[in-house]
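Here is how the chains run, residue by residue.
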Protein chains: 2
Amino acid sequence: MKYGIAYFPSKQIQDEVNSYRKRYDSHYALIPPHLTLKESFTADDAEIESLIPELKKIANETDPFNITINKVSSFAPISNTIYLKINPSPELQTLFDKLHSGKFSDDADHPFVPHITLAQDLVDQEYSDVFGSLKMKKYDLGDEVDRFQLLYQLDNGSWTVYETFVFGKEFV
Amino acid sequence: MKYGIAYFPSKQIQDEVNSYRKRYDSHYALIPPHLTLKESFTADDAEIESLIPELKKIANETDPFNITINKVSSFAPISNTIYLKINPSPELQTLFDKLHSGKFSDDADHPFVPHITLAQDLVDQEYSDVFGSLKMKKYDLGDEVDRFQLLYQLDNGSWTVYETFVFGKEFV
């Protein structure tokens, strides 16, 4: 099965993000607004069961930390994806690093750019219009990260949560 | 916020169910295929934080158990909802009862009819056609329930998982 690891931000941020995703994100119906911590990877049941104690250990080692968001950015010209940019956070980078080392495959193709997607798969003209208007906006959003989620992908492309890992609260 | 408690069946069952939901379920994009264990209820942050140790305790008291599915049924004439009927299970009933007593509001309007929705909000003619064809089918599906999920509802009606409770694995 295909698995991924993500953080769902506060309801306030998810609602704000969904107001854009509804119109502009081809994945709107597949997963709630999220910050990807580990891109989709393939594992069988035995592999996942062996990773779960590691995920619990990582969660227990991590203290809740804050993230802040002040602007919209884009992955152009690589892709037309528009996103809320999470400001650099050493705690977030450390969490990402732990999920890409040791027992975890280091399958990160590129440096970690923490983000919450607002729009993707737009045609060029629509991308330019949407990004042109969003990049002028100032945001002042904050959230406390205190957990992450292991999800698996269904045949229709949507994601179901398999398990939540709450910082400092897991039974190892 | 509005919360609910549900179980997501195996990927195999979710994929099977989604093949119908895609065409016939108005909630297809709002939540993965699920068995509702507690209907939506309202709670503030403090109330939820006080319920979480209870949910962990219930999860730790519960042993994984099997459910089986052999047929499709419907809530007509109350509603046009068509669903996979979960065969009676004392373990499932016990779990439901624990989520509706003690610290939990006993807000169940009607007896527990464990089910996984396939179709809802169909117009009468479509309902008759779909149910007429599905009620003839025999199913032989089984699954092991070993966890449940606490979810909250976003403004767009979709549900995000807040926390997973795995039987026998929670740190209380």
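Report follows, based on the coordinates. (Residues numbered from 1 in each chain as written. Chains lettered and ligands numbered in written order. Predicted model: local features only at pLDDT ≥ 70, side-chain atom pairs only at ≥ 80, totals over all residues. Heavy atoms only, no water.)

**Overview of helix α2 (residues 45–61) of chain B**
Residue and element names in this part refer to chain B.
Turning to step 1, where the next piece is worked out: The first and last C-alpha atoms of α2 sit 25 Å apart over 17 residues, in line with the 24 Å expected at 1.5 Å per residue.
Turning to step 2, where the next piece is worked out: Along α2, the helix axis deviates most sharply at Leu51, where the bend reaches about 25°; the proline Pro53 sits within four residues downstream.
Turning to step 3, where the next piece is worked out: Its buried side turned inward, α2 meets β1 (2–7), β2 (35–42), α3 (90–98), β7 (147–153) and β8 (159–166).
Turning to step 4, where the next piece is worked out: Two or three places before Ala46, at the opening of α2, Asp44 has a side-chain oxygen 3.2 Å from that residue's backbone nitrogen. (Helix = DSSP H or I, 4+ residues; strand = E, 2+ residues; numbered from the N terminus. Expected span 1.5 Å × (residues − 1). Bend = angle between axes of the 7 residues up to and from the residue. Contact = heavy atoms within 4.5 Å. Polar contact = N/O pair within 3.5 Å; in protein donor to acceptor, adjacent residues only side chain to side chain.)

**Concerning the pattern of salt bridges**
Opposite charge on two side chains allows them to pair when their charged atoms are near.
Residue and element names in this part refer to chain A.
Turning to step 1, where the next piece is worked out: Applying the stated rule across the entire model yields 14 salt bridges over all chains.
Turning to step 2, where the next piece is worked out: Put simply, Glu61 and Lys57 hold a salt bridge, and the shortest N to O gap is 3.7 Å. Remark: Lys57 and Glu61 occur in helix α2 (residues 45–61); sequence separation between them is four residues, near one turn of the helix.
Turning to step 3, where the next piece is worked out: In this structure Glu61 comes out as partly exposed when scored by relative accessible area, which is 40%.
Turning to step 4, where the next piece is worked out: On the basis of relative accessibility, which here comes to 41%, the residue Lys57 falls in the partly exposed class. (Salt bridge = Lys/Arg side-chain N within 4 Å of Asp/Glu carboxyl O. Buried < 20%, exposed > 50% of the residue type's maximum accessible area, 1.4 Å probe, protein only.)

**A few points about a negative patch on the surface**
Turning to step 1, where the next piece is worked out: Together, Asp44, Asp45, Glu47 and Glu49 of chain A make up a negatively charged patch on the protein surface.
Turning to step 2, where the next piece is worked out: Taking relative accessible area as the criterion, Glu49 of chain A reaches 43% and is therefore assigned partly exposed. (Patch = residues over 30% accessible without salt bridge, like charges linked within 9 Å, V, L, I, M, F, W, Y side chains within 5 Å. Areas by Shrake-Rupley, 256 points an atom, 1.4 Å probe, with all protein chains shown as cover. Lys, Arg positive; Asp, Glu negative; His and termini not counted. Charge placed at Lys NZ, Arg CZ, Asp CG, Glu CD.)

**Here we look at the relation of the copies chain B and chain A**
Turning to step 1, where the next piece is worked out: Laying chain B over chain A is done by rotating through 180° and shifting 0.0 Å along the axis; what remains is an RMSD of 0.0 Å. The superposition operator between the copies reduces to a two-fold rotation axis.
Turning to step 2, where the next piece is worked out: A high fraction, 100%, of the interface residues of chain B reappear at the interface in chain A, so the copies pair face to face through one surface. (Least-squares fit on C-alpha atoms with pLDDT ≥ 70 in both.)

**Quick look at α2 of chain A**
Turning to step 1, where the next piece is worked out: Of the residues making up α2 of chain A, those classed as buried are Ile48, Leu51, Ile52, Leu55, Lys56, Ile58 and Ala59 of chain A.
Turning to step 2, where the next piece is worked out: Packed against the buried residues of α2 of chain A are β1 (2–7), β2 (35–42), α3 (90–98), β7 (147–153) and β8 (159–166) of chain A.

**Remarks on the interface of chain B and chain A**
Turning to step 1, where the next piece is worked out: The interface of chain B with chain A comprises 30 residues on the first partner and 30 residues on the second.
Turning to step 2, where the next piece is worked out: Taking both sides of the interface into account, the surface hidden between chain B and chain A amounts to around 2,300 Å²; carbon and sulfur atoms contribute 48%.
Turning to step 3, where the next piece is worked out: A per-residue breakdown of the area chain B buries against chain A is headed by Lys11, Leu154 and Phe171 of chain B, which together make up 21% of the total.
Turning to step 4, where the next piece is worked out: The tally of links from chain B across to chain A stands at four salt bridges.
Turning to step 5, where the next piece is worked out: Arg147 of chain A serves as the salt-bridge partner of Glu163 of chain B, at 3.3 Å between the closest nitrogen and oxygen. (Buried area = accessible area lost by both parts, 1.4 Å probe.)

**Some remarks on the environment of Ser89 of chain B**
Residues and elements named next belong to chain B.
Turning to step 1, where the next piece is worked out: Looking at the secondary structure, you find Ser89 in the loop between β4 (82–86) and α3.
Turning to step 2, where the next piece is worked out: Residue Ser89 is classed as buried on the basis of its relative accessible area of 12%.
Turning to step 3, where the next piece is worked out: Separated by 75 residues in the primary sequence, Ser89 and Thr164 have C-alpha atoms spaced 22 Å apart.
Turning to step 4, where the next piece is worked out: Ignoring any residue separated from it by four or fewer positions in sequence, one finds Ser89 in contact with Phe65 and Asn66.

**Some thoughts on the packing of aromatic side chains**
Residues and elements named next belong to chain A.
Turning to step 1, where the next piece is worked out: Enumeration according to the criterion identifies 18 aromatic pairs over all chains in this entry.
Turning to step 2, where the next piece is worked out: Measuring from centroid to centroid gives 5.7 Å for Tyr127 and Phe131, while their planes differ by 15°, and the two rings are stacked. Of this pair, Tyr127 and Phe131 both sit in helix α4 (residues 124–134), four residues apart, roughly one helical turn.
Turning to step 3, where the next piece is worked out: You can call Tyr127 buried: its relative accessible area is 10%. (Phe/Tyr/Trp six-rings, centres within 6.5 Å; stacked < 30°, edge-to-face > 60°.)

**Points about the pairing of strand β4 (residues 82–86) of chain A**
All names here are of chain A.
Turning to step 1, where the next piece is worked out: Counting buried positions over the five residues of β4 gives four, a clear majority of the element.
Turning to step 2, where the next piece is worked out: As paired strands, β4 and strand β5 (residues 115–119) are joined by four bridges and run antiparallel to one another. In the strand pairing of β5, Leu84 is matched with Ile116. (Pairing = 2+ DSSP bridges.)

Any functional reading would require information that these geometric values do not contain.
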